Amino acid sequence: MLMMSMEKIDDLFALIAEKQALYIPADNKDGAAEYTRWSEGVRYSSALNTLRSAKDFFFPQTENLVDFKMNGKNIEIIDTRKEAEDFVIFGVRACDAKSFTILDNVYLSEPVDTYYKTRREHGTVVTMACTKPAETCFCGTFGIDATQPGGDVECASDGKNIFFEAKTEKGKAFVESISSLLSEGDTSEVEKVKENTKEILAKLPLANLTTDAFGGDKLKEYFDSDKWAGLSESCLGCGTCTFVCPTCQCYDIKEFDTGHGIKRYRCWDSCMYSDFTKMAHGNPRLTQLERFRQRFMHKLVYYPANYDGEFSCVGCGRCLSKCPISMNIVKVMKALEVK
């Protein structure tokens, strides 16, 4: 397998950045990892995962859609899109890499979301296998192997070297572009690291969590469950869980007057908000219980019903660590699970 010494990682980043934009996990001033455009001096973070997921690159938090200019009764429609630049996301973990598949199911199905599609076509995903999973991790629940993260190029490290394996045609082109830094290497040490990671994963608190009790055929029994009242009682409706989630895909479309015309844009939205999907007659989900139920029913029942049993969660653990009242999908699963 092709490999490179970790000591050359800045040389790697410089080589990539010569031809296209490169984004890597880097520690911010608070010590949390965030995807940052690489430039000389930006250091690759050793953190397990980033504060926000890599979905931002394909489904950004805000995005201009179209502009309108009006002259009397004449309306000019202006397509504000420009050809996206090629870019590389380096260091994506297995959970985030899997989230792209879940988003693809939604945005690349007919009618195709051309904004999302363009970004997917221009982006190269270089993943990195996990070595130190956290207690909040449960990606294995959804069939994800943290030691084999996939992507266009799959990477793993034994601490001294990084190993590269192309998984797609786009990945092959990427590996070829950095071939001057690569050489054939012995994978025995990195395989030991992977086995050690699997042993850690097997001992984590959520290692035995399963989705066996959930799926598209469980709609009525879970929708009518009397447990939603207790589960949702303390929910603040803040939307933190949806904004850190790699698979949440809801958005709102808004317009504002710039003084020179009208700008239409979309931005992330949350089913936990009281004005989500609000229509002329009001919001169809009037209580926090209904909104809370919607979020988790979508993850565990509605999505798998529509996409061949695939769940809309990747077990990244972000909602476990960020919810201000410590409510999350794991607690919901354990509370609702039908024995």
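Residues numbered from 1 in each chain as written. Predicted model: local features only at pLDDT ≥ 70, side-chain atom pairs only at ≥ 80, totals over all residues. Heavy atoms only, no water.

K.L.:
Can you lay out the overall build of the protein for me, pointing to particular residues and giving the numbers?
P.N.:
Helix and strand content of the protein: 11 helices and 12 strands. For the protein, whose C-alpha radius of gyration is 22 Å, the value lies close to the compact-globule estimate of 20 Å for 339 residues. Seen along its three principal axes, the alpha-carbon backbone of the protein occupies a region of about 65 × 65 × 40 Å. Taking all 339 residues of the protein together, 48% fall into the buried category. In the structure as shown, the protein presents an accessible area of about 17,200 Å², 49% of it carried by carbon and sulfur atoms. Within the protein, the 50 negative side-chain charges are centred at a point lying 4 Å from the centre of the 43 positive side-chain charges. (Helix = DSSP H or I, 4+ residues; strand = E, 2+ residues; numbered from the N terminus. Rg over C-alpha atoms; globule rule 2.2 N^0.38 Å. Buried < 20%, exposed > 50% of the residue type's maximum accessible area, 1.4 Å probe, protein only. Areas by Shrake-Rupley, 256 points an atom, 1.4 Å probe, with all protein chains shown as cover. Lys, Arg positive; Asp, Glu negative; His and termini not counted. Charge placed at Lys NZ, Arg CZ, Asp CG, Glu CD.)

K.L.:
So what's going on with the nonpolar core? Which residues, and what values?
P.N.:
Membership of the largest hydrophobic core comes to 44 residues, with the highest contact counts inside it found for Phe-138, Phe-214, Trp-228, Phe-292, Ile-329 and Val-332. Elements that contribute at least two residues to this core include exactly helix H2 (94–107), helix H7 (228–232), helix H9 (288–306), helix H10 (318–322) and helix H11 (329–336). Residues Ile-24, Val-42, Val-126 and Ile-162 belong to the second largest nonpolar core, which totals 24 residues. (Core = buried A, V, L, I, M, F, W, Y, C linked by side-chain atoms within 4.5 Å.)

K.L.:
Go over the environment of Glu-83 with me, naming the residues and quoting the values.
P.N.:
Summarising the element assignment, Glu-83 is placed in the loop between strand E5 (74–78) and strand E6 (87–92). The class of Glu-83 is exposed, set by a relative accessible area of 66%. As for Glu-83 and Arg-119, which are separated by 36 residues in sequence, their C-alpha atoms are 9.4 Å apart.

K.L.:
I'd like a rundown of the packing of aromatic side chains, residues and numbers included.
P.N.:
Applying the stated criterion across every chain, the model contains 25 aromatic pairs. For the ring pair Trp-228 and Phe-292, a centre distance of 6.2 Å and an interplane angle of 70 degrees mean the geometry is edge-to-face. Of this pair, Trp-228 sits in helix H7 while Phe-292 sits in helix H9, placing them 64 residues apart in sequence. Assessed through its relative accessible area of 1%, Phe-292 is described here as buried. The aromatic ring of Phe-58 is capped on one face by Arg-120, whose charged end is 4.8 Å from the ring centroid. Positioned above the aromatic ring of Phe-223 is the side chain of Arg-293, whose terminal nitrogen or guanidinium carbon lies 3.7 Å from the ring centre. (Phe/Tyr/Trp six-rings, centres within 6.5 Å; stacked < 30°, edge-to-face > 60°. Lys NZ or Arg CZ within 6 Å of the ring centre and 35° of its normal.)

K.L.:
Outline the pattern of salt bridges, listing residues and values.
P.N.:
Here the structure, examined in full by the defined rule, presents 18 salt bridges. Of the charged contacts, one joins Asp-104 and Arg-120 as a salt bridge, the two residues approaching to 2.9 Å between their closest N and O atoms. One end of the pair, Asp-104, is in helix H2; the other, Arg-120, is in helix H3 (residues 114–122), and 16 residues separate them in sequence. For the pair shown, Asp-104 and Arg-120 are each scored as buried. A network of salt bridges, in which partner residues are shared, links Glu-63, Asp-113, Arg-119 and Arg-266. (Salt bridge = Lys/Arg side-chain N within 4 Å of Asp/Glu carboxyl O.)

K.L.:
Report on the sheet that holds strand E11 (residues 251–257), specifying residues and quantitative values.
P.N.:
Taken in spatial order, the 4 strands make up an open sheet running E5-E4-E12-E11, and their pairing is antiparallel. Unpaired on one side and paired on the other, E5 and E11 mark the two borders of the sheet. Taking each pair of neighbouring strands and ignoring which way they run, the sheet shows an average axis angle of 25 degrees. The pairing of strand E4 (residues 62–71) with E5 spans 5 bridges and is antiparallel. Looking at E5, one finds that Met-70 is bridged to Ile-75. The strands that H3 touches are E4 and strand E12 (262–268); relative to E4, the one it contacts most, it runs at about 130 degrees. (Pairing = 2+ DSSP bridges. Axes fitted to C-alpha atoms, helices over the stretch in contact; angles between N-to-C directions. Contact = heavy atoms within 4.5 Å.)

K.L.:
Can you tell me about the packing of H9 against H11, naming the residues and giving the values?
P.N.:
Packing of H9 against H11 leaves a shortest axis separation of 11 Å and a crossing angle of 80 degrees. The orientation of H9 with respect to H11, classified from their angle, is roughly perpendicular. For the pair formed by H9 and H11, the contact residues are Phe-292, Phe-296, Lys-299 and Leu-300 on the first element and Ile-329, Val-332 and Met-333 on the second. (Parallel < 35°, antiparallel > 145°, perpendicular 65-115°, else oblique.)

K.L.:
Please give an account of the sheet that holds E6 that cites residues and values.
P.N.:
Think of a sheet as strands paired side by side through backbone hydrogen bonds, with each pair either parallel or antiparallel. Ordered by their spatial adjacency, 8 strands build an open sheet running E3-E2-E6-E7-E8-E9-E1-E10, and the pairing between neighbours is mixed. Every interior strand has two partners, whereas the edge strands, strand E3 (33–37) and strand E10 (183–184), have only one. Running at roughly 130 degrees to E6, H2 makes contact with E3, E6 and strand E7 (123–128) of the sheet. Taken strand by strand, helix H4 (residues 169–177) contacts strand E1 (2–5), E6, E7, strand E8 (153–157) and strand E9 (161–166), and its axis lies near 80 degrees from that of E7.

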